[in-house]
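# Examining the three-dimensional arrangement
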Amino acid sequence: MENVGNVRVRYAPSPTGPQHLGGIRTALFNYLFAKKNGGTFVFRSEDTDQSRFVPGAEDYITDSLRWAGITVDEGLNVGGPYGPYRQSERKELYREYAMQLITSGHAYYAFDTSEDLEAMRTRMTAQGNPSPAYDHITRQYMQNSLALPKDEVEKRLAAGDPYVIRIMMPRNEEVKFNDIVRGWVVFNTNQLDDKVLFKSDGMPTYHLANVVDDHLMHITHVIRGEEWLPSAPTHVMLYRAFGWEDTMPQFAHLPLVLKPEGNGKLSKRDGDRLGFPIYTLDWENPLTGEKISGLAERGFLPEAYTNFLALLGWHPGGDTEVMDPDALLEAFSLERVGKSGARFDPEKAKWINQQHLKMKSDKELAALLEPVLTRMGITSDAEYVERVCGLMKERAVFVPDLYEQGKYFFSDTFDYDSKTIAKKWKKDRANLFENLTERINLLQVCKSAELEQLVHAFMEEHELKMGDVMPMLRIALTGTLQGPPVYDVMEVLGKEKSVTRLQNGWKVFNQMI
RNA sequence: GGCCCGUUCGUCUAACGGUUAGGACGUAAGAUUUUCAUUCUUGAAAUAGGGGUUCGAUUCCCCUACGGGCUACCA
């Protein structure tokens with residue numbers, strides 16, 4: 001590819017709140033495409049709607065990207081040659097470009113109030129037009145610089161009447177572009193309306209701002225969600241109007257991320273409904289106090305996150321789906337992005353996290369578990385935590401499971417599985433178990449293999465079956481029937497603690513039945 | 001309603017005109033395991049429907065159905 005090194009893509013969210021995983025997926029695809037082509041990943045804040053601005057949202061998105069390992073090369077908080085990267089700070093720029101379009105006859109002033117627009121819509125609806133639009137026909141009857149006498153327009157402008165600037169969509173022109181994931185997409189300008197480019201509050205709309213900025217920032221590929229497809233022709237027309245068509249970026253409209261069940265694209269509320277976070281990090285809306293929970297805090301691994309995010313709408317083609325970030329980068333290509341919406345599957349996401357968890361070393365897991373333990377008020381020897389992780393990792397899906405499913409490694413008090421005790425504990429065998437416990441206590445090396453040997457010999461000697469002994473040992477040691485091999489548990493617990501728990505267990509068991 | 005996009009197992013998907021339509025998640029059965037989990041084996045499970053084009057369509061074209069997106073001085 002001759003383009004290598006010149007690729008520039010951008011992730012340009014609107015800071016109206018936290019971005020759920022669909023947004024991060026868009027960022028990821030941009031990032032992977034940039035890295036893959038030796039290009040630059042730009043991060044820009046599209047905060048042109050001040051009424052929807054939510055404080056903290058920009059930082060939240062920045063933190064989400066950082067946590068997911070998506071590094072920004074240029075943009076907000078990073079800087080770069082084409083800043084500022086916050087659109088509100090580029091405000092004056094857009095006015096100039098809007099004026100340029102007015103001068104060249106590609107745009108016009110419109111003075112219609114929201115009441116005027118409302119009236120127009122109800123009138124047209126009443127006339128049987130189901131989708132009223134401010135288009136090449138409607139504009140003839142509205143309060144704009146095309147329909148009004150010239151002196152009236154100048155008077156209104158001079159008087160400081162509020163106005164917007166609209167694109168003048170030409171009649172009956174074909175607009176087509178070659179979308180990287182969808183192929184040729186064709187529209188006719190007759191179906192396009194005269195979108196507002198510049199608002200009466202002095203801010204540009206998305207349409208103007210994204211085109212101007214993408215041009216000025218030398219963006220080569222616009223990779224965004226499919227919800228933008230219908231406005232893409234307007235953007236193409238804008239490039240044409242500015243005379244930038246020859247350097248217009250290539251478009252790639254990504255399939256949408258859909259709800260796990262039912263229909264529609266994934267939305268804000270789905271997370272709580274599913275009991276599975278769809279946001280990256282915990283967040284509390286400073287305006288409303290509303291809280292959402294994040295995958296990171298839930299114990300999701302960043303590399304698992306990007307792995308399954310990548311699989312939402314993209315597929316490597318082969319049989320390998322579990323990939324670390326390097327493998328993901330190696331395998332990624334826009335050509336392999338599918339066209340149809342991808343349903344978010346929490347079950348598969350869990351499985352992928354489990355796979356990544358299993359690939360980690362005991363030491364890495366211990367480090368990840370540390371904050372969880374600290375939060376629980378537990379301080380434990382690092383090496384001990386490592387050994388616990390080694391035993392628990394086959395059973396864990398999320399990091400906290402390492403602790404949740406093995407609490408007995410960190411506390412001497414726990415509930416006993418009374419149902420099994422009632423069923424299996426024989427009072428007349430109590431002294432046998434006490435005897436076994438003593439033998440264990442006499443052991444010089446309290447290792448898994450030695451313990452196994454000892455217990456087996458004991459069982460043979462007293463004609464006891466595995467089922468008679470093992471569950472009892474397990475419950476006395478951990479309280480539950482589930483868990484790692486008993487001998488391993490004892491080895492990690494250590495002889496002293498194991499013996500104490502066993503002795504205590506027999507006592508309690510006798511009282512329980 | 002209009003415009004646009006889409007449609008392979010329940011879900012994510014592979015198969016760039018010729019395959020017994022493959023894999024993964026989930027699911028069912030079994031093996032291993034003192035238990036749980038892991039692991040392994042096996043099974044069930046799909047080309048939306050109808051027309052074309054072609055020697056041959058999952059694949060190309062058209063229609064229908066269904067799904068989705070957009071339809072703001074929001075992005």
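Residues numbered from 1 in each chain as written. Chains lettered and ligands numbered in written order. Predicted model: local features only at pLDDT ≥ 70, side-chain atom pairs only at ≥ 80, totals over all residues. Heavy atoms only, no water.

## With respect to the overall build of chain A
The criterion, for reference: Each helix is a run of H or I in the DSSP string that is no shorter than four residues. Each strand is a run of E no shorter than two, and both are numbered from the N terminus. To sort residues, take the accessible area from a 1.4 Å probe on protein chains only and compare it with the maximum for the residue type: under 20% means buried, over 50% means exposed, and anything in between is partly exposed. Only heavy atoms matter for contacts: two residues are in contact if any of them lie within 4.5 Å across the pair. His is not counted, nor are the chain ends; Lys and Arg add positive charge and Asp and Glu add negative charge. To locate a charge, the coordinates of NZ of Lys, CZ of Arg, CG of Asp or CD of Glu are taken.
Along chain A, the regular secondary structure elements total 21 helices and 14 strands. With 513 residues in all, chain A has 50% of them scored as buried. Taking as baseline every contact in chain A between residues at least 6 positions apart, the subset at least 24 positions apart corresponds to 72%. Of the side-chain charges in chain A, 60 are positive and 73 negative, and the distance between the mean point of each set is 3 Å.

## Looking at the environment of Asn 30
Cut-off, in case you're wondering: Throughout this description, a polar contact denotes any pair of N or O atoms lying within 3.5 Å of each other; where both atoms belong to protein, one of them has to be capable of donating a hydrogen while the other can accept it, and for residues adjacent in sequence the pair is counted only when both atoms sit in side chains.
Within the secondary structure, Asn 30 is located in helix H1 (residues 21-36). With a relative accessible area of 0%, Asn 30 lands in the buried category. Spatially, the C-alpha atoms of Asn 30 and Asn 144 are 40 Å apart, while their sequence positions differ by 114 residues. Ignoring sequence-local partners within four residues, the contact set of Asn 30 consists of Val 9, Arg 10, Phe 41 and Ile 223. At 3.0 Å, the side chain of Asn 30 forms a polar contact with the backbone oxygen of Ile 223.

## A word on the protein's contact with RNA strand B
For the record, the criterion: Working definition: residue near molecule or strand if any one of its non-hydrogen atoms lies within 4 Å of it.
Taken together, 60 residues sit near RNA strand B, with Ser 131, Arg 182, Asn 263, Glu 394 and Arg 395 positioned nearest. For RNA strand B, the fraction of protein-proximal atoms (within 4 Å) that sit in sugar or phosphate groups is 72%. The side chain of Arg 166 places a nitrogen or oxygen atom 3.5 Å from a phosphate oxygen of RNA strand B. Take Gly 483: an N or O atom from its main chain is 2.6 Å from a base nitrogen of RNA strand B.

## Focus on a positive patch on the surface
Note the following rule: By definition, no residue in a patch forms a salt bridge, and every one has over 30% relative accessible area; like charges are joined within 9 Å, nonpolar side chains (Val, Leu, Ile, Met, Phe, Trp, Tyr) within 5 Å. In these tables, accessible area is a Shrake-Rupley quantity obtained with a 1.4 Å probe, and a residue counts as shielded only by the protein chains included in the view. What counts as a salt bridge is simple: a side-chain nitrogen of Lys or Arg found within 4 Å of a carboxyl oxygen of Asp or Glu.
A cluster of basic residues, Lys 419, Lys 423, Lys 424, Lys 426 and Lys 465, forms a positive patch at the surface. With relative accessibility at 72%, the residue Lys 419 sits in the exposed group.

## Things to note about the sheet that holds strand S5 (residues 164-167)
Inclusion rule: Two strands pair if DSSP finds at least two bridges between them. Axis lines are fitted to C-alpha atoms, over the contacting stretch for helices. Their N-to-C directions set the angle, which ranges from 0 to 180 degrees.
The strand order across the open sheet built from three strands is S4-S5-S8, with neighbouring strands paired in antiparallel fashion. Of all the strands in the sheet, the pair left with one neighbour each is strand S4 (107-110) and strand S8 (196-198). The mean inter-strand angle of the sheet, taken between neighbouring strand axes irrespective of direction, is 45 degrees. Bridge count for S4 against S5 is four bridges, and the pairing is antiparallel. Paired with Ala 110 across the two strands is Val 164, which belongs to S5.

## A word on the pattern of salt bridges
Applying the stated criterion across every chain, the model contains 33 salt bridges. With a shortest N-O distance of 2.7 Å, Arg 44 and Glu 46 are connected by a salt bridge. Comparing Arg 44 with Glu 46 shows no difference in burial state: the two are buried. Of the charged contacts in the structure, one is a salt bridge between Asp 194 and Arg 139, with a shortest N-O distance of 2.6 Å. With Asp 194 in the loop between strand S7 (183-188) and S8 and Arg 139 in the loop between helix H4 (114-126) and helix H5 (150-158), the pair connects residues that are 55 residues apart, well separated along the chain. Pair check on accessibility: Asp 194 and Arg 139 agree, each one buried. Several salt bridges converge on common partners, so that one network encompasses Arg 10, Arg 44, Glu 46, Arg 90, Asp 213 and Asp 214.

## Describing unusual backbone geometry
The omega torsion of the bond from Gly 83 to Pro 84 falls at -5 degrees, within 30 degrees of zero and hence cis. One non-glycine residue, His 218, lies in the positive phi region at around 55 degrees. Structurally, His 218 is set in the loop between helix H6 (206-216) and strand S9 (221-225).

## Quick look at the pairing of S5
The alternating pattern of S5 places Val 164 and Arg 166 and Ile 165 and Ile 167 on opposite faces, both of which are buried. Two elements, S5 and S8, share two bridges in a ladder whose sense is antiparallel. Bridge pairing links Arg 166 to Val 196 in S8.

## Concerning the environment of Trp 244
You can see Trp 244 is positioned in the loop between helix H7 (232-242) and strand S10 (250-254). Distance from Trp 244 to Val 212, taken between C-alpha atoms, is 9.9 Å for residues 32 residues apart in sequence. What Trp 244 contacts, discounting residues up to four positions off in sequence, is Tyr 97, Val 211, Val 212, His 215 and Tyr 239.

## With respect to the packing of helix H3 (residues 91-103) against H7
The condition that has to hold: Angle categories: roughly parallel below 35 degrees, roughly antiparallel above 145, roughly perpendicular from 65 to 115, and oblique for all the rest. Under the grouping applied here, Gly and all other residues not named as nonpolar or charged are polar, the nonpolar ones being Ala, Val, Leu, Ile, Met, Phe, Trp, Tyr, Cys and Pro and the charged ones Asp, Glu, Lys and Arg.
Where H3 contacts H7, the axes come no closer than 10 Å and their chain directions differ by 75 degrees. Considered as vectors, H3 and H7 are oriented roughly perpendicular to each other. Only Leu 238, Ala 241 and Phe 242 of H7 make contact with H3, whose side of the interface consists of Tyr 97, Gln 100 and Leu 101. Residues that form the contact of H3 with H7 fall into these classes: five nonpolar, one polar and no charged.

## Details of the packing of aromatic side chains
Counted only if it meets this: Any Phe, Tyr or Trp ring, taking Trp's six-membered ring, that has another such ring centre within 6.5 Å forms a pair; planes under 30 degrees apart are called stacked, those over 60 apart edge-to-face, and the others tilted.
Applying the stated criterion across every chain, the model contains 32 aromatic pairs. Each ring, one from Phe 111 and one from Tyr 163, has its centre 6.5 Å from the other, and the planes form 70 degrees; the classification is edge-to-face. Highlighted residues: Phe 111 in the loop between S4 and H4 and Tyr 163 in the loop between H5 and S5, separated in sequence by 52 residues. When the centroid spacing of 5.8 Å and the interplanar angle of 55 degrees are considered together, the rings of Phe 300 and Phe 308 count as tilted. Under the relative-accessibility criterion, Phe 300 is labelled buried at 2%. Ring pairs connect the aromatic residues Trp 67, Phe 276, Phe 300, Tyr 305, Phe 308, Phe 344 and Phe 398, which therefore count as one cluster.

## Section: the domain arrangement of chain A
Interfaces are often sized by the amount of accessible area the parts lose when they come together. To keep it simple, the criterion reads: Note that the domain bounds were set by an automatic or database domain assignment.
Domain annotation of chain A identifies domain 1 (8-76 + 208-257), domain 2 (91-198), domain 3 (270-359), domain 4 (361-400) and domain 5 (412-512). Relative to domain 5, the C-alpha centre of domain 2 lies at a distance of 81 Å.

## Quick word on the nonpolar core
This is how it is decided: Buried Ala, Val, Leu, Ile, Met, Phe, Trp, Tyr and Cys residues that are joined via side-chain atoms within 4.5 Å together make up what is termed a nonpolar core.
The biggest cluster of nonpolar side chains holds 111 residues, and the ones touching the most others in it are Leu 21, Phe 308, Phe 344, Phe 409 and Leu 473. For this core, the leading source of residues is H1, giving nine residues. Those residues in contact with Leu 473 that sit more than four places away from it in its chain are Leu 436, Val 455, Val 486, Met 490, Leu 502 and Trp 506. Residues Ile 102, Leu 192, Ala 209 and Ala 232 belong to the second largest nonpolar core, which totals 40 residues.

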